[in-house]
Amino acid sequence: MLDAAPLADLRLYDQSWFDRGRSGWFILLWWLVQAIAFPLSPHPFSGIRVWLLRRFGAQIGKGVLIRPTARFTYPWKVSIGDYSWIGDDVVLYSLDQIEIGQHCVISQKTYLCTGSHDISDPSFKLKTAPIAIGNGAWVASDCFVAPGVKIGANAVIGARSSVFSNIPTQQVCLGTPCRPRYPRQMN
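The structure presented is a predicted model; accordingly, all values stated were derived computationally and were not measured.

This brings us to a nonpolar patch on the surface. There is a patch of nonpolar side chains on the surface, built from Leu 28, Trp 31, Leu 32, Ile 36 and Leu 40 and spanning about 530 Å² of accessible area. Mapped onto the fold, Leu 28 is located in helix α1 (residues 24-40). Under the relative-accessibility criterion, Leu 28 is labelled partly exposed at 48%.

The structure is reproduced here in C-alpha cells:
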C-alpha cells in the first residue's frame, strides 16, 4: 500500500566520491554558457555550439551538427565523431563517458543516460556506466538509452524505444525493451 515504510533512507545519500571531472566554478560556467549561448544561437549556426563544446573539453569531429536545444551535462565526458548529428532536445546526461561514432544521428528528444541509482541500497547509491554508439547508427526520436549500453555500428533504434542492453551491429531494433527485428539493408 501507499503507507508502507520506505526501503530507502535518502538522508544517507552520499555522492562525495563522485568525480564530475572539473571544478565547481567550471561546471557552473558551463551551465551558464549552455543556458544562454546555446538557445540564443540560430539553428544553422551549429559551428558556434561545436566551438563552445570544444572549449569545455568535448571531443567533436568535423562536420558535426548540434541543435540549439541539445543539452550536455558534462561536455568533457562526451566524444562525437565526424559528420554526426545531435537533434533538438537531445539530452546527453554525461555523468560517465558518452562516445558517439562517425555519421551517427541522435534524433530529437532522445535521452542518453549514464547515471542511475542502486535500488537495493538503502542510501540509493549513485551508479554510472558509459554509453557507446557505433559508426553510422541512428537513434530515432524520443528514445531512452540506459547506462552501460553499446549500440553496434550501423544499427537503427526505432522511435520511442527504450534500450537497456547492448544492440548488435547493423540491426533494426524496436520496442521497450528494444530488441533486434531484422538486418539493416542499404540500397
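Let us look at the nonpolar core. Among the nonpolar cores identified, the biggest contains 45 residues, and Ile 66, Phe 72, Ile 100, Ile 133 and Ile 151 are the most heavily contacted of them. At the level of secondary structure, the elements contributing two or more residues to this core comprise α1, α2 (46-55), β4 (78-80), β7 (98-100) and β12 (131-133). Setting aside chain neighbours within four positions, we find Ile 133 in contact with Glu 99, Ile 100, Gly 101, Cys 104, Ile 106, Leu 112, Val 139 and Ile 151.

For the structure on display, the rule yields three salt bridges. Two residues, Arg 11 and Asp 9, come together in a salt bridge whose shortest N-O distance is 2.9 Å. We classify Arg 11 as exposed; its relative accessible area is 74%. One salt bridge connects Asp 89 with Lys 109, and the closest N-O pair in it is separated by 3.4 Å. Taken together, the residues span a long stretch of sequence, with Asp 89 in the loop between β5 (85-86) and β6 (91-93) and Lys 109 in the loop between β8 (105-106) and β9 (111-113) at a distance of 20 residues. Residue classification places Asp 89 among the partly exposed residues on the basis of a relative accessible area of 35%. Taking relative accessible area as the criterion, Lys 109 reaches 49% and is therefore assigned partly exposed.

Glancing now at the packing of aromatic side chains. Tallied over the entire structure, the rule returns eleven aromatic pairs. Ring plane angle 85 degrees and centroid distance 5.8 Å describe the contact between Trp 30 and Phe 38, whose orientation is recorded as edge-to-face. Side by side, Trp 30 and Phe 38 carry an identical accessibility label, which is buried. With a centroid separation of 6.2 Å and 40 degrees between ring planes, the pair formed by Tyr 93 and Tyr 111 is classed as tilted. On the criterion of sequence distance, the pair formed by Tyr 93 in strand β6 and Tyr 111 in strand β9 is long-range, its members being 18 residues apart. The exposure class assigned to Tyr 111 is partly exposed, which follows from its relative accessible area of 30%.

Another aspect to go through is α1. Given a rise of 1.5 Å per residue, 17 residues ought to cover 24 Å, and the 24 Å separating the end C-alpha atoms of α1 matches this to within 8%. Taken as a whole, α1 carries its principal kink of about 30 degrees at Gln 34. Among the residues of α1, those classed as buried are Phe 26, Ile 27, Trp 30, Val 33, Gln 34 and Phe 38. Buried residues in α1 make contact with α2, β2 (65-66) and β3 (71-72).

This paragraph deals with the side chain of Lys 77. Following the sequence through the fold, Lys 77 ends up in the loop between β3 and β4. One buried charged residue, Lys 77, forms no salt bridge at all, with the nearest opposite charge on Asp 19 at 6.1 Å. Polar side-chain contacts of Lys 77 include one of 2.7 Å to the backbone oxygen of Leu 95. With residues near it in sequence (within four places) discarded, Lys 77 still touches Phe 18, Asp 19, Arg 20, Gly 21, Ser 94, Leu 95, Asp 96, Gln 97 and Ile 98.

How each quantity is defined
- Residues numbered from 1 in each chain as written.
- Predicted model: local features only at pLDDT ≥ 70, side-chain atom pairs only at ≥ 80, totals over all residues.
- Heavy atoms only, no water.
- Patch = residues over 30% accessible without salt bridge, like charges linked within 9 Å, V, L, I, M, F, W, Y side chains within 5 Å.
- Areas by Shrake-Rupley, 256 points an atom, 1.4 Å probe, with all protein chains shown as cover.
- Salt bridge = Lys/Arg side-chain N within 4 Å of Asp/Glu carboxyl O.
- Helix = DSSP H or I, 4+ residues; strand = E, 2+ residues; numbered from the N terminus.
- Buried < 20%, exposed > 50% of the residue type's maximum accessible area, 1.4 Å probe, protein only.
- Core = buried A, V, L, I, M, F, W, Y, C linked by side-chain atoms within 4.5 Å.
- Contact = heavy atoms within 4.5 Å.
- Phe/Tyr/Trp six-rings, centres within 6.5 Å; stacked < 30°, edge-to-face > 60°.
- Expected span 1.5 Å × (residues − 1).
- Bend = angle between axes of the 7 residues up to and from the residue.
- Lys, Arg positive; Asp, Glu negative; His and termini not counted.
- Polar contact = N/O pair within 3.5 Å; in protein donor to acceptor, adjacent residues only side chain to side chain.

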